[in-house]
Amino acid sequence: MSAGQGIGMTSLRTRERLIQRLTEQGIRDPRVLDRIRNVPRHLFVDEALASRAYEDTALPIGYGQTISQPYVVARMTEAVTVGGTPKKVLEIGTGCGYQTAVLAPLVGRLYSIERIEALLERAKERIRELGIKNVKFKHGDGSEGWASQKPFNAILLAAAPHAIPQKLLDQLADRGRLVAPVGPEGRQELMRITRRGDQFLPERLGFVSFVPLLGGVS
Ligand code: SAH
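No experiment lies behind these values; they were computed from the predicted model shown.

Undergrad: I'm lost on the pairing of strand S3 (residues 88-92) in this one. Help?
TA: Along any regular strand, the residues point their side chains to alternate faces of the sheet. Judged by how many residues are buried, S3 sits mostly within the fold: 4 of 5 residues are covered. Pairing between S3 and strand S4 (residues 109-114): 5 bridges, direction parallel. When the bridges of S4 are listed, isoleucine 92 appears paired with isoleucine 113. Note on the crossover from S3 through helix H4 (residues 98-103) to S4: the handedness is right-handed. Bridge count for S3 against strand S6 (residues 152-157) is 4 bridges, and the pairing is parallel. Counted as the bridge partner of isoleucine 92 is leucine 157 from S6.

See below:
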């Protein structure tokens, strides 16, 4: 048996344990739980960390960034897909591509922006290897959004701004929702903003811990 298969075998049990934990923490949508069960998170982290891939924690992915915690990925995925299949979704902060892989099959088309080119290239490769075909990637500053593709039915931020950039709200479709951690490190709250015409209705979804949304590209 190859080393890769070995991890696959162990992970079956540890994946079920993770699903159990997320269910206990209130993740209900079976489509979301299925994605967490089926996306091989160990392929998104360094081999040295693969044995910890199904723990419910963030892990380093290089360049000072982290792969999001499975609970948070599940929570954000639920928050954007609740009640249907959003047609066009913008993701800001591709990172290693894990959230991208979980979310993509639950939406029509996914547009994903990352400011660190080296991370983006590896994420693209993994998404291709998993046979996911409805994602378009861009190397750039996500706080600008993706104007040529607007409006989006949902926008999801995987990095925390101090305040939600107005440009992103402007790119939200009517009835669309934006989900983002907001606030300085150590004091961030997950927010969902729903657009109704010119009104933006905020909801608080609980405290979280994310890397900051940074300007420019690298
Ligand atoms: N969901 C990702 C999380 C990655 S961490 C995963 O599971 O891997 C957040 C990512 O946001 C980092 O890769 C960081 O480089 C990126 N980021 C931070 N500010 C950004 C910006 N302004 N535009 C695009 N990406 C940004």
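Undergrad: Help me understand the confidence of the model for the protein, please; the structure alone is not making it clear to me.
TA: Should pLDDT be low for a region, the predicted coordinates there are not to be read in detail. Chain-level statistics for the protein give a pLDDT mean of 94 and a share of 95% at 70 or above. Below a pLDDT of 50 lies the segment residues 1-5, which in the model reaches 2 contacts outside its immediate sequence neighbourhood of four places, other chains included.

Undergrad: How do you make sense of the pairing of strand S9 (residues 199-208) when you look at a structure like this?
TA: Two strands pair when backbone bridges link them, and strand S8 (residues 188-196) and S9 are joined in this way by 9 bridges, in the antiparallel orientation. Counterpart to arginine 192 in the pairing with S9 is glutamate 203. The antiparallel pairing of S8 with S9 creates a hairpin that spans 2 residues between the two strands, and glycine 197 there sits at a positive phi of about 65°.

Undergrad: It is not clear to me how the site of the ligand should be interpreted in this structure. Could you clarify?
TA: As a matter of local geometry, the ligand sits amid 24 residues, with Cys96, Glu114, Asp141, Gly142 and Leu214 nearest to it. Measuring from a nitrogen atom of the ligand, one finds a backbone N or O atom of arginine 115 at 3.3 Å. Interatomic distance of 2.9 Å between a side-chain N/O atom of aspartate 141 and a nitrogen atom of the ligand. Isolated, the ligand exposes 580 Å² of accessible area, and the fraction of that covered by the protein chains is 99%. Residue contributions to the shell around the ligand peak at 3 residues, all from strand S2 (residues 65-67). Across the shell around the ligand, the residue classes tally to 12 nonpolar, 9 polar and 3 charged.

Definitions and limits used
Residues numbered from 1 in each chain as written. Predicted model: local features only at pLDDT ≥ 70, side-chain atom pairs only at ≥ 80, totals over all residues. Heavy atoms only, no water. Buried < 20%, exposed > 50% of the residue type's maximum accessible area, 1.4 Å probe, protein only. Helix = DSSP H or I, 4+ residues; strand = E, 2+ residues; numbered from the N terminus. Pairing = 2+ DSSP bridges. Right-handed = clockwise from strand over helix to strand, strands pointing away. pLDDT = per-residue confidence, 0-100. Contact = heavy atoms within 4.5 Å. Near = heavy atom within 4 Å. Polar contact = N/O pair within 3.5 Å; in protein donor to acceptor, adjacent residues only side chain to side chain. Areas by Shrake-Rupley, 256 points an atom, 1.4 Å probe, with all protein chains shown as cover. Nonpolar A, V, L, I, M, F, W, Y, C, P; charged D, E, K, R; others polar.

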